[in-house]
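# Structural characterization, general
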Amino acid sequence: MSTDVALNKAWEIQIECFPKLNFALQQSSVPFIRHISICNNTDEGKDNIKLQISATPEFISPKIFEIDHLDSKKSWSPKQCDIKLNYSFFANLSETVNATLKLKLVDCNSDEEEILAEEDIDVAALAANAWTGYSPMPQLLAAFVTPNLKSISEIQRKMSAWLAREGVRDALDGYQSTKTHVEEMLQAAYNVLANQHITYSEPPASFDGQRIRFASEIFKDKLATCLDISLLFASILEQCGLHPLILLTKNHAFVGCHAVNTTFYDAFFKDLQAIKLI
């Protein structure tokens, strides 16, 4: 989390925001600005103030907060920091872009607006397929589980055929039948993926954030990291109506699945004992 305070002693802009932004953050509608505060450190109150927020390049639409009055030695914060990330900007990013969030506090009591305080915040806008990592929100990794891709459906057809050859139910029907059939679906997914002859590879080159290979790229190039293949496996399981999870260790990632129809209480947690019980 990036926290910055303007150097102007009379008026201050305080802000907390994510230092890394990506397409998954935009699609999840997570507010990337967590807190804004305007501090009037002068001995007089002031009317008719505006806080102008913009970005270079324009990864957000410009936003203006109007402050009718701010008393001396008091602070003001918006009730909601509802500043949306620009879909087109993040969806089309192929490389990390160094961007700047610009905040300007102006006095609107004269024809020429007087600048009371300014603050520029550097942020990294990551490529559309890049995960921000553990910081600021590790749970955004779930956005890279993509069960509706066409290549996932092709894997499902092969899973169903494998189940039929094994002489068991070929339905991919989640938790509708038995725990045994859940295990059979997991075995089918594993065998079908194993037959794709995918080779472990380092992540695609990136200056910031780990790039994720999606299903179509994995099947085309036959290359994947442990995180890529775990997300692919999770995508298949979710499309089969199961509840997968991604387990992360210091240098590795792997996939798990609930054997019965249940989920955890939160999208991200470190309760190893709870994981052992699934």
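Keep in mind that what you see is a predicted model, and the values were worked out from it rather than measured.

Further remarks concern the pairing of strand E14 (residues 244-248). Across the two faces of E14 the burial differs, with Leu245 and Leu247 buried and Pro244, Ile246 and Leu248 not buried at all. The pairing of E14 with strand E15 (residues 253-257) spans 5 bridges and is antiparallel. Residue pairing for E15: Leu245 is matched across the bridge by Gly256.

Grouped together as the largest cluster of nonpolar side chains are 39 residues, with contacts concentrated most on Phe32, Leu51, Phe59, Leu101 and Leu105. Going through the elements one at a time, strand E2 (11-17), strand E4 (33-40), strand E5 (46-56), strand E6 (63-70), helix H2 (87-91), strand E8 (97-107) and strand E9 (114-125) are the ones with two or more residues in this core. Counting residues per element, this core draws most heavily on E9, at 5 residues. Counting 23 residues, the second-largest nonpolar core is a separate cluster that includes Ile152, Leu163, Ala188 and Phe219.

The full count for this structure, using the stated rule, is 8 salt bridges. Among the ionic pairs, Asp43 bridges to Lys73, the shortest N-O distance being 3.4 Å. You can see Asp43 sitting in the loop between E4 and E5 and its partner Lys73 sitting in the loop between E6 and strand E7 (75-76), a full 30 residues away along the chain. Comparing Asp43 with Lys73, the two get one shared label, exposed.

Across the sheet, 5 strands lie side by side as E3-E9-E8-E5-E6; this open sheet has mixed pairing. Whereas interior strands pair on both sides, the edge strands pair on one side only; in this sheet they are strand E3 (20-21) and E6. Sheet topology places E5 next to E6; 7 bridges connect them, and they run antiparallel. Opposite Asp47, over in E6, you have His69 as the bridge partner.

Of note, the amide linkage connecting Thr56 to Pro57 takes the cis form, showing an omega dihedral of -10 degrees. Here Pro57 shows up in the loop between E5 and E6. For Asn48, which is not a glycine, the phi torsion comes out positive at approximately 55 degrees. Along the chain, Asn48 falls in strand E5.

The subject of this paragraph is the environment of Glu66. Following the sequence through the fold, Glu66 ends up in strand E6. Separated by 40 residues in the primary sequence, Glu66 and Val106 have C-alpha atoms spaced 9.9 Å apart. Excluding residues within four positions of it along the chain, Glu66 makes contact with Ile49 and Lys50.

Of the voids in this model, the largest pocket is the one considered here, and its volume is about 810 Å³. Along its surface, the largest pocket is lined by 26 residues, and Leu245, Ile246, Ala267, Phe268 and Phe269 are the ones closest to its centre. Of all elements in the fold, only helix H6 (226-239), E14 and helix H7 (272-276) reach the threshold of two or more residues within the lining of the largest pocket. Per-element tally for the lining of the largest pocket: the top contributor is E14, with 5 residues. For the lining of the largest pocket, the per-class residue count stands at 18 nonpolar, 5 polar and 3 charged. Approximately 310 Å³ is the volume attributed to the second largest pocket. Contributing to the lining of the second largest pocket are 18 residues, with Trp131, Tyr134, Gln210, Leu227 and Lys250 lying nearest its centre. Taken together, the residues of the lining of the second largest pocket sort by class into 8 nonpolar, 8 polar and 2 charged.

Tallied over the full model, the rule gives 1 cavity of 30 Å³ or more. Of the voids in this model, the largest cavity is the one considered here, and its volume is about 40 Å³. In terms of residues, the lining of the largest cavity owes the most to one element, H6, which gives 4 residues.

For Gly256, the position within the fold is in strand E15. Judged by its relative accessible area of 15%, Gly256 is buried. Measuring from C-alpha to C-alpha, the distance between Gly256 and Thr96 comes to 31 Å, with 160 residues separating the pair along the chain. Once you skip the residues sitting within four places of it in the chain, Gly256 turns out to touch Leu237, Pro244, Leu245 and Leu247.

For the pair helix H4 (residues 179-194) and H6, the least separation of the axes is 11 Å and the interaxial angle reads 135 degrees. Overall, the two elements H4 and H6 adopt an arrangement that is oblique. The handedness of the crossing between H4 and H6 comes out as right-handed. The segment H4 lies against H6, with Leu186, Ala189, Tyr190 and Leu193 engaging Leu232, Phe233, Ile236 and Leu237. When grouped by side-chain class, the residues that make up the contact of H4 with H6 number 8 nonpolar, no polar and no charged.

Cut-offs used in this document
Residues numbered from 1 in each chain as written. Predicted model: local features only at pLDDT ≥ 70, side-chain atom pairs only at ≥ 80, totals over all residues. Heavy atoms only, no water. Buried < 20%, exposed > 50% of the residue type's maximum accessible area, 1.4 Å probe, protein only. Helix = DSSP H or I, 4+ residues; strand = E, 2+ residues; numbered from the N terminus. Pairing = 2+ DSSP bridges. Core = buried A, V, L, I, M, F, W, Y, C linked by side-chain atoms within 4.5 Å. Salt bridge = Lys/Arg side-chain N within 4 Å of Asp/Glu carboxyl O. Contact = heavy atoms within 4.5 Å. 1 Å grid on protein atoms, 1.4 Å probe; cavity = no way out; pocket = protein on both sides within 12 Å on 5 of 7 lines; lining within 4 Å. Points joined across faces, edges and corners; volume = space filled by probe spheres on them. Nonpolar A, V, L, I, M, F, W, Y, C, P; charged D, E, K, R; others polar. Axes fitted to C-alpha atoms, helices over the stretch in contact; angles between N-to-C directions. Parallel < 35°, antiparallel > 145°, perpendicular 65-115°, else oblique. Left-handed = near helix turned anticlockwise from the far one by under 90°.

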